[in-house]
Amino acid sequence: GQYDEAKNLIDYALKLEPENPMLVNNLSYILTNLAKSKDELHLALKHSEDVVKKWPKSNDFLFNRGVAYLKCGEYHKAQNDFQTVLKDQRLETEN
């Protein structure tokens, strides 16, 4: 269905632009939210971890990694990511 189509389109785009952080993040988002297996969830987490390593200041990437951690049962790591995002957003609001 639409899941497979979206995943295939992003996989194709990643072959053209493998270092595009938005594509990696979008693939992770799709896998995290529509995963059909634990393997896909763990692949989503790997993609999220990779993108956050390269762009650690992105709240969008941190949030998506937090969701992946949550779905993989790594609650403490998910909480850390969510707290970081909330803290950063509070700082942006105060400035």
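In this text, all values refer to a predicted model and were calculated from it rather than measured experimentally. (Residues numbered from 1 in each chain as written. Predicted model: local features only at pLDDT ≥ 70, side-chain atom pairs only at ≥ 80, totals over all residues. Heavy atoms only, no water.)

(A) Representation of the overall build of the chain within the structure. Scanning the chain from terminus to terminus reveals 5 helices and 0 strands. At 14 Å, the chain has a C-alpha radius of gyration in line with the 12 Å of a compact globule built from 95 residues. The principal-axis extent of the C-alpha atoms belonging to the chain is close to 40 × 30 × 20 Å. The proportion of buried residues among the 95 residues of the chain is 37%. Here the analysis covers contacts within the chain between residues at least 6 apart in sequence; of these, 40% occur between residues at least 24 apart. Carbon and sulfur atoms provide 55% of the accessible area of the chain, an area that totals close to 6,300 Å². (Helix = DSSP H or I, 4+ residues; strand = E, 2+ residues; numbered from the N terminus. Rg over C-alpha atoms; globule rule 2.2 N^0.38 Å. Buried < 20%, exposed > 50% of the residue type's maximum accessible area, 1.4 Å probe, protein only. Contact = heavy atoms within 4.5 Å. Areas by Shrake-Rupley, 256 points an atom, 1.4 Å probe, with all protein chains shown as cover.)

(B) Main features of the packing of aromatic side chains. This model, assessed by the stated rule, comprises 2 aromatic pairs. Measuring from ring centre to ring centre gives 6.4 Å for Trp-55 and Phe-61, while their planes differ by 75°; the resulting arrangement is edge-to-face. On the basis of relative accessible area, Trp-55 is assigned to the partly exposed category, the value being 32%. Given the relative accessible area of 5%, Phe-61 is considered buried. (Phe/Tyr/Trp six-rings, centres within 6.5 Å; stacked < 30°, edge-to-face > 60°.)

(C) Fine view of helix 4 (residues 59-71). Compared with the 18 Å implied by 1.5 Å per residue over 13 residues, the 18 Å span of helix 4 between its first and last C-alpha is a close match. When we look at burial in helix 4, the residues that qualify are Asn-59, Phe-61, Leu-62, Asn-64, Arg-65, Gly-66, Val-67, Ala-68 and Tyr-69. Downstream of helix 4 by a residue or two, Gly-73 has a phi angle that is positive, lying close to 85°. (Expected span 1.5 Å × (residues − 1).)

(D) Structural context of the environment of Asn-80. The topology assignment puts Asn-80 in helix 5 (residues 75-94). Given the relative accessible area of 33%, Asn-80 is considered partly exposed. Spatially, the C-alpha atoms of Asn-80 and Leu-62 are 9.5 Å apart, while their sequence positions differ by 18 residues.

(E) Quick peek at the environment of Glu-5. Secondary-structure assignment places Glu-5 in helix 1 (residues 2-16). Here Glu-5 falls in the exposed class, since its relative accessible area comes to 51%. Taking the C-alpha atoms as reference points, Glu-5 and Lys-38, separated by 33 residues in sequence, lie 20 Å from one another.

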